[in-house]
Amino acid sequence: TEMPSAPVTSSLIVALLLPLLMWAAAAGIAWLVVDRLLLRPLRQLRASVAAYVSIFGPDRYAFRFRGLTGIVLNSSVIHSPDNTPELLSAQDTWLRAELARAKQEGARHIVVFQHHSWFLNSANEADQYFNIPLARRLAYLTLFREFGVRYLFCGHYHRNALGRDGDADHPREHGAAEYRLYEV
């Protein structure tokens, strides 16, 4: 004896396939979010830093000349550390050691160079495209004050500007027809 079967209708097919389609859609969206929006930028930034280091050498360094200590930072990892917290941590440890060394050696001037501006007008200004986010900015500016850093040379703004944080000058890049001399 044969059992009667229910007719195959489009609503039955949809009911059977819908969970499979929803699972496939969720997997696709998860892949897009995790891989393309989270992991890919992480791989790209790490690959960019690694490529820079392999071609040019360290992405941060210090130099000394007649009582001046110059410290060059990779401000990309300060500005946007979400994808590279280990690079930020390593640079922070290195920076603190360099500042302590400069102080121990009796450096008369400590100058920091980097791409991103700490701020444009005020150390407490709101976050924006051209400045380092406030939470990290204030911590670093406090560190710089503690070690007597007087000059913070930055670019990224693509305009002429000079800001101050206490005794520290914060000049940004200059136009082709203009230059500023600092006597140290």
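Shown above is the structure to which this text applies.
Residues numbered from 1 in each chain as written. Predicted model: local features only at pLDDT ≥ 70, side-chain atom pairs only at ≥ 80, totals over all residues. Heavy atoms only, no water.

Visitor: If you had to explain the nonpolar core to someone new, which residues and values would you point to?
Guide: By size, the foremost hydrophobic cluster in this structure holds 22 residues, and its most contacted members are Ile71, Leu73, Leu95, Leu99, Trp118 and Phe144. Broken down by element, this core gets its largest block of residues, 5 residues, from helix α3 (residues 85-104). When neighbours within four sequence positions are excluded, Leu95 is seen to be in contact with Ile71, Leu73, Tyr140, Leu143 and Phe144. (Core = buried A, V, L, I, M, F, W, Y, C linked by side-chain atoms within 4.5 Å. Buried < 20%, exposed > 50% of the residue type's maximum accessible area, 1.4 Å probe, protein only. Helix = DSSP H or I, 4+ residues; strand = E, 2+ residues; numbered from the N terminus. Contact = heavy atoms within 4.5 Å.)

Visitor: Outline the pattern of salt bridges, listing residues and values.
Guide: The full count for this structure, using the stated rule, is 6 salt bridges. Across the pair Asp59 and Arg60 runs a salt bridge, and its minimum N-O distance is 3.9 Å. Assessed through its relative accessible area of 15%, Asp59 is described here as buried. The class of Arg60 is partly exposed, set by a relative accessible area of 22%. (Salt bridge = Lys/Arg side-chain N within 4 Å of Asp/Glu carboxyl O.)

Visitor: Just give me the short version of a nonpolar patch on the surface, but keep the residues and values in it.
Guide: Nonpolar side chains collect at one region of the surface, where Val8, Leu12, Ile13, Val14, Leu16, Leu17, Leu18, Leu20, Leu21, Met22 and Trp23 lie side by side and expose about 1100 Å² of accessible area between them. With respect to the helices and strands, Trp23 occurs in helix α1 (residues 10-56). (Patch = residues over 30% accessible without salt bridge, like charges linked within 9 Å, V, L, I, M, F, W, Y side chains within 5 Å. Areas by Shrake-Rupley, 256 points an atom, 1.4 Å probe, with all protein chains shown as cover.)

Visitor: Provide a residue-level description of the layout of surface pockets, including the pertinent values.
Guide: Size it by volume and the largest pocket reaches roughly 210 Å³. If you trace the largest pocket, you find 14 residues lining it, with Tyr52, Asp59, Asn74, Ser75 and Ser76 closest to the centre. Among the secondary structure elements, those contributing two or more residues to the lining of the largest pocket are α1 and α2 (75-79). With 4 residues, α1 is the largest single contributor of residues to the lining of the largest pocket. (1 Å grid on protein atoms, 1.4 Å probe; cavity = no way out; pocket = protein on both sides within 12 Å on 5 of 7 lines; lining within 4 Å. Points joined across faces, edges and corners; volume = space filled by probe spheres on them.)

Visitor: Break down helix α4 (residues 134-146) for me, with residues and values.
Guide: Across its 13 residues, α4 extends 18 Å between first and last C-alpha, which sits within 8% of the 18 Å expected from 1.5 Å per residue. Those residues of α4 that fall on the buried side of the exposure criterion are Arg137, Tyr140, Leu141, Leu143 and Phe144. Viewed end-on, α4 has its buried residues packed into an arc of 160 degrees, placing them on one side of the element. In α4, the exposed residues that point more than 90 degrees away from the buried face are Ala135 and Glu146. Of the residues trailing α4, Gly148 is marked for its positive phi of about 75 degrees. (Expected span 1.5 Å × (residues − 1). Arc of directions from axis to C-beta.)

No statement about biological role is implied by the geometric values presented.
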